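Residues per chain, in single letters:
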Amino acid sequence: MAKVTDTVAELARPVVERAGCALWDVEYVKEAGSWFLRVYIDKEGGVSIDDCEAVSRPLSDLLDEADPIEGSYTFEVSSAGADRVLKRPEHFRRFQGAEVEVRLYRPREGRKEFVGILKGYEDGDVTLDAGGGEAVFTKQEIALVRLYPRI
């Protein structure tokens, strides 16, 4: 049986592309006792509220028709954001050379957060240029990798 997020991604992709955007991620999570289905979209030059609306309305109808999720949930369409989470190999390829933050499950050298330039990604392992030296983080120790925008 396919995961909910995979099923929703298959339904969402054509709707998102018709709106001139790209599907970044789908997440189905429980927060504060309620389920949330979030579809994250991306577009060159940034995502507007109109882009989110252009995806939300037809995709909501499609989800109602296909009914891939039992029970109630809150549906949201959002921009992937400037500090987007990198999850898939294509995400890491696209942002090679960008500044990222790596958060670990357990401290290394007394800390859990490292910021540096994304130098490599292979089989879930991430290589950063962090202050002049390279650091390699294994898939098992990584809790999260996200873009690190400087404001």
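Residues numbered from 1 in each chain as written. Predicted model: local features only at pLDDT ≥ 70, side-chain atom pairs only at ≥ 80, totals over all residues. Heavy atoms only, no water.

A. Layout of the environment of Val26. Along the chain, the position of Val26 falls in strand S1 (residues 22–31). Residue class for Val26 comes out buried when judged on its relative accessible area of 7%. C-alpha separation for the pair Val26 and Ala9, spaced 17 residues apart in sequence, amounts to 6.3 Å. For Val26, the contacting residues outside a window of four places in its chain are Thr5, Val8, Ala9, Leu37, Arg38 and Val39. (Helix = DSSP H or I, 4+ residues; strand = E, 2+ residues; numbered from the N terminus. Buried < 20%, exposed > 50% of the residue type's maximum accessible area, 1.4 Å probe, protein only. Contact = heavy atoms within 4.5 Å.)

B. Local environment of the packing of helix H1 (residues 4–18) against helix H2 (residues 49–66). Interaxial distance between H1 and H2 falls to 10 Å at its minimum, and their mutual angle equals 145°. The way H1 lies across H2 gives a crossing that is right-handed. Note on element contacts: H2 touches H1 through Val55, Pro58, Leu59, Leu62, Leu63 and Ala66, opposite Val8, Leu11, Ala12, Val15 and Val16. Among the residues making up the contact of H1 with H2, the classes are represented as 11 nonpolar, no polar and no charged. (Axes fitted to C-alpha atoms, helices over the stretch in contact; angles between N-to-C directions. Left-handed = near helix turned anticlockwise from the far one by under 90°. Nonpolar A, V, L, I, M, F, W, Y, C, P; charged D, E, K, R; others polar.)

C. How the structure looks around the pattern of salt bridges. As enumerated under the stated definition, the model contains 13 salt bridges in all. Two residues, Lys43 and Asp51, come together in a salt bridge whose shortest N-O distance is 3.0 Å. We note a salt bridge from Arg108 to Glu141, for which the minimum N-O separation is 2.6 Å. With Arg108 in strand S4 (residues 99–108) and Glu141 in the loop between strand S7 (133–137) and strand S8 (142–147), the pair connects residues that are 33 residues apart, well separated along the chain. Through salt bridges with shared partners, a single network forms among Glu27, Glu31, Arg38 and Glu76. (Salt bridge = Lys/Arg side-chain N within 4 Å of Asp/Glu carboxyl O.)

D. How the structure looks around unusual backbone geometry. One non-glycine residue with positive phi stands out, namely Ala32, at about 50°. For Ala32, the position within the fold is in the loop between S1 and strand S2 (34–42). Phi is positive for Asp123, which is not a glycine, with a value near 50°. The residue Asp123 is located in the loop between strand S5 (111–122) and strand S6 (125–130) in this model. A residue is classified by how much of its surface remains accessible, and Asp123, at 69% relative accessible area, is exposed.

E. View of the sheet that holds S6. With antiparallel pairing, the 5 strands of this open sheet are ordered in space as S7-S6-S5-S4-S8. Because the sheet does not close on itself, it has two edges, and the strands there are S7 and S8. Taken pair by pair, the neighbouring strands of this sheet meet at an average axis angle of 40°, ignoring direction. Bridge count for S6 against S7 is 5 bridges, and the pairing is antiparallel. Looking at the pairing, Asp129 lines up with Glu134 of S7. (Pairing = 2+ DSSP bridges.)

F. Up close: the confidence of the model for the protein chain. Scored by pLDDT, the protein chain comes out at a mean of 94, with 98% of its residues at no less than 70. Averaged over each element, pLDDT in the protein chain is lowest for S7 (92) and highest for S8 (97). (pLDDT = per-residue confidence, 0-100.)

G. Structural view of the packing of aromatic side chains. Following the criterion strictly, the structure yields 4 aromatic pairs and no others. Taking 6.1 Å as the distance between ring centres and 70° as the angle between the ring planes, the aromatic pair formed by Trp24 and Phe95 counts as edge-to-face. You can see Trp24 sitting in strand S1 and its partner Phe95 sitting in the loop between helix H3 (89–94) and S4, a full 71 residues away along the chain. Trp24 gets classed as buried once you look at its relative accessible area, which sits at 8%. Take Phe95: its relative accessible area is 15%, and that puts it in the buried class. Above the ring of Trp24, the side-chain terminus of Arg84 is found at 4.7 Å from the ring centroid. (Phe/Tyr/Trp six-rings, centres within 6.5 Å; stacked < 30°, edge-to-face > 60°. Lys NZ or Arg CZ within 6 Å of the ring centre and 35° of its normal.)

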